Amino acid sequence: TVVLQRQFDAAAWLRAVQAHCGQLCDKQTLGHGIAYTCKRFPSLPEVNQFREVSLETSADLPVAFEQCEQCFAQQNLTCRGWTPAEGTPPTILADFLARRGFVPRRTTIMRLTTWEAIQADAAVRILPARAMRAAFRATFVESHSNQAAVDAETLADAASERLDDPQLDMFVANIDGRPVGRIGLHQVGDIARVVDLHVVPSASPEKVGASLLAHALGLARRLTIPMVLTQVPEGDEPLRMLFTRAGFVEDGQVVEFGRSTSSSPQS
């Protein structure tokens, strides 16, 4: 087992997430943050965001909020989320944004510390998503719920467009020719994020998830990437355990604010 010594860099994490957001977005710097807008996917929360929100005190919030809302409204869009910059405590934003329909969403950042041997299943075949676009799209359609805020075709369209980024390597898992999952490795500078690890409901999450993760981390190791990170939504214990068994440790928490689908823009 080879131990990775480099420590987590919060600023590097934020840059990597912004690069992922920027794959689909236009970017506009405002007085207190950066607006990422995407007219092609207006309902997609992960792209229509106000990021790197920097505030000295809560007194700056009304101006920051108004600037953000105007920026999105001018493009007939709705801001779907806020992310504070490094050094801006989420507590400054919490009450103000809650009154405007934003809900805090906590994710745990995990960092790879050791290259562990992961048991991949021989029945699971992993293929590049760029060469298997129809199979890649199928992993969204099967997993989609009719109650979801964003329809399956929109999710698949956005993910397929991301494949044009040469820094993103996406893979599709197949069993007997049937798409059963996906995963990505997104490189930004000298770090990489494991993104979008997903197994369709009809497949085994343990067997397919481990096989996908083994493949993505195998690529990271061949590329000698010094820092490999991922994130786990609050409460997703099976996913956290999968990454733990692969050599990841918890390395901090990120709080973002997502707009409730039932709320509408207001000042």
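For the structure itself, look to the data block above.
Residues numbered from 1 in each chain as written. Predicted model: local features only at pLDDT ≥ 70, side-chain atom pairs only at ≥ 80, totals over all residues. Heavy atoms only, no water.

Draft legend 1. Inspection of the overall build of the protein chain at higher detail. A tally of helices and strands in the protein chain yields seven helices and 11 strands. Computed over its C-alpha atoms, the radius of gyration of the protein chain comes to 19 Å, within 12% of the 18 Å expected for a compact globule of 267 residues. The C-alpha extent of the protein chain, read off along each of the three principal axes, is 55 × 40 × 30 Å. Within the protein chain, counting contacts between residues at least 6 apart in sequence, those at least 24 apart form 70% of the total. Accessible surface computed for the protein chain: about 12500 Å², of which carbon and sulfur atoms make up 49%. A gap of 2 Å separates the mean positions of the 26 positive and 30 negative side-chain charges of the protein chain. (Helix = DSSP H or I, 4+ residues; strand = E, 2+ residues; numbered from the N terminus. Rg over C-alpha atoms; globule rule 2.2 N^0.38 Å. Contact = heavy atoms within 4.5 Å. Areas by Shrake-Rupley, 256 points an atom, 1.4 Å probe, with all protein chains shown as cover. Lys, Arg positive; Asp, Glu negative; His and termini not counted. Charge placed at Lys NZ, Arg CZ, Asp CG, Glu CD.)

Draft legend 2. Expanded view of the pattern of salt bridges. Inspection of every chain in the model, using the stated rule, returns 12 salt bridges. Close ionic contact of Asp-169 with Arg-130 constitutes a salt bridge, the shortest N to O distance being 3.8 Å. Of this pair, Asp-169 sits in strand S7 (residues 168-175) while Arg-130 sits in the loop between strand S6 (125-128) and helix H4 (133-143), placing them 39 residues apart in sequence. The exposure class of Arg-130 is partly exposed, given its relative accessible area of 35%. For the salt bridge of Arg-182 with Asp-196, the shortest nitrogen-to-oxygen distance reads 2.7 Å. Taken together, the residues Arg-182 in strand S8 (residues 178-188) and Asp-196 in strand S9 (residues 191-199) connect sequence positions 14 residues apart. A relative accessible area of 34% places Asp-196 in the partly exposed class. Each of the salt bridges in this network shares a partner with another, and the network as a whole consists of Arg-137, Glu-153 and Asp-157. (Salt bridge = Lys/Arg side-chain N within 4 Å of Asp/Glu carboxyl O. Buried < 20%, exposed > 50% of the residue type's maximum accessible area, 1.4 Å probe, protein only.)

Draft legend 3. Region of interest: the pairing of strand S5 (residues 102-112). Judged from the 11 bridges that link them, S5 and strand S11 (residues 248-259) form a sheet pairing that is antiparallel. Counted as the bridge partner of Arg-105 is Glu-256 from S11. The pairing of S5 with strand S10 (residues 227-233) spans five bridges and is antiparallel. What sits directly across from Thr-108, in S10, is Val-232. (Pairing = 2+ DSSP bridges.)

Draft legend 4. Molecular detail of helix H5 (residues 152-162). Taken residue by residue, H5 has Ala-152, Thr-154, Ala-156, Ala-158, Ala-159, Ser-160 and Arg-162 as its buried positions. Two or three places before Glu-153, at the opening of H5, Asp-151 has a side-chain oxygen 3.1 Å from that residue's backbone nitrogen. (Polar contact = N/O pair within 3.5 Å; in protein donor to acceptor, adjacent residues only side chain to side chain.)

Draft legend 5. Looking closely at the side chain of Arg-51. Tracing the sequence through the fold places Arg-51 in strand S3 (residues 49-53). Judged by relative accessible area, which is 2%, Arg-51 ranks as buried. In contact with Arg-51, not counting residues within four places along its chain, are Leu-14, Val-17, Gln-18, Cys-21, Gly-33, Ile-34, Tyr-36, Thr-83 and Glu-256.

Draft legend 6. Summary view of the nonpolar core. By size, the foremost hydrophobic cluster in this structure holds 33 residues, and its most contacted members are Val-194, Val-208, Leu-217, Val-228, Phe-243 and Phe-248. Elements that contribute at least two residues to this core include exactly S5, S7, S8, S9, helix H6 (205-222), S10 and helix H7 (237-245). Per-element tally for this core: the top contributor is H6, with eight residues. Not counting residues up to four positions away in its chain, the partners in contact with Leu-217 are Leu-112, Trp-115, Ile-118, Val-194, Val-228, Ala-246 and Phe-248. Within the second largest apolar cluster, 20 residues are counted, among which are Leu-61, Ala-64, Cys-79 and Phe-102. (Core = buried A, V, L, I, M, F, W, Y, C linked by side-chain atoms within 4.5 Å.)

Draft legend 7. Region of interest: the packing of aromatic side chains. Scanning the model with the defined rule gives six aromatic pairs in all. Taking 5.1 Å as the distance between ring centres and 75° as the angle between the ring planes, the aromatic pair formed by Phe-243 and Phe-248 counts as edge-to-face. One exposure class covers both Phe-243 and Phe-248, and it is buried. Ring pairing ties together the aromatic residues Phe-50, Phe-65, Trp-82, Phe-96 and Phe-102, which thus form one cluster. The ring of Phe-96 carries the charged tip of Arg-100 above its face, separated from the ring centre by 3.6 Å. Taking NZ or CZ as reference, Arg-182 lies 3.6 Å from the ring centre of Phe-140, over its face. (Phe/Tyr/Trp six-rings, centres within 6.5 Å; stacked < 30°, edge-to-face > 60°. Lys NZ or Arg CZ within 6 Å of the ring centre and 35° of its normal.)

None of the figures reported here should be taken as evidence of function without further support.
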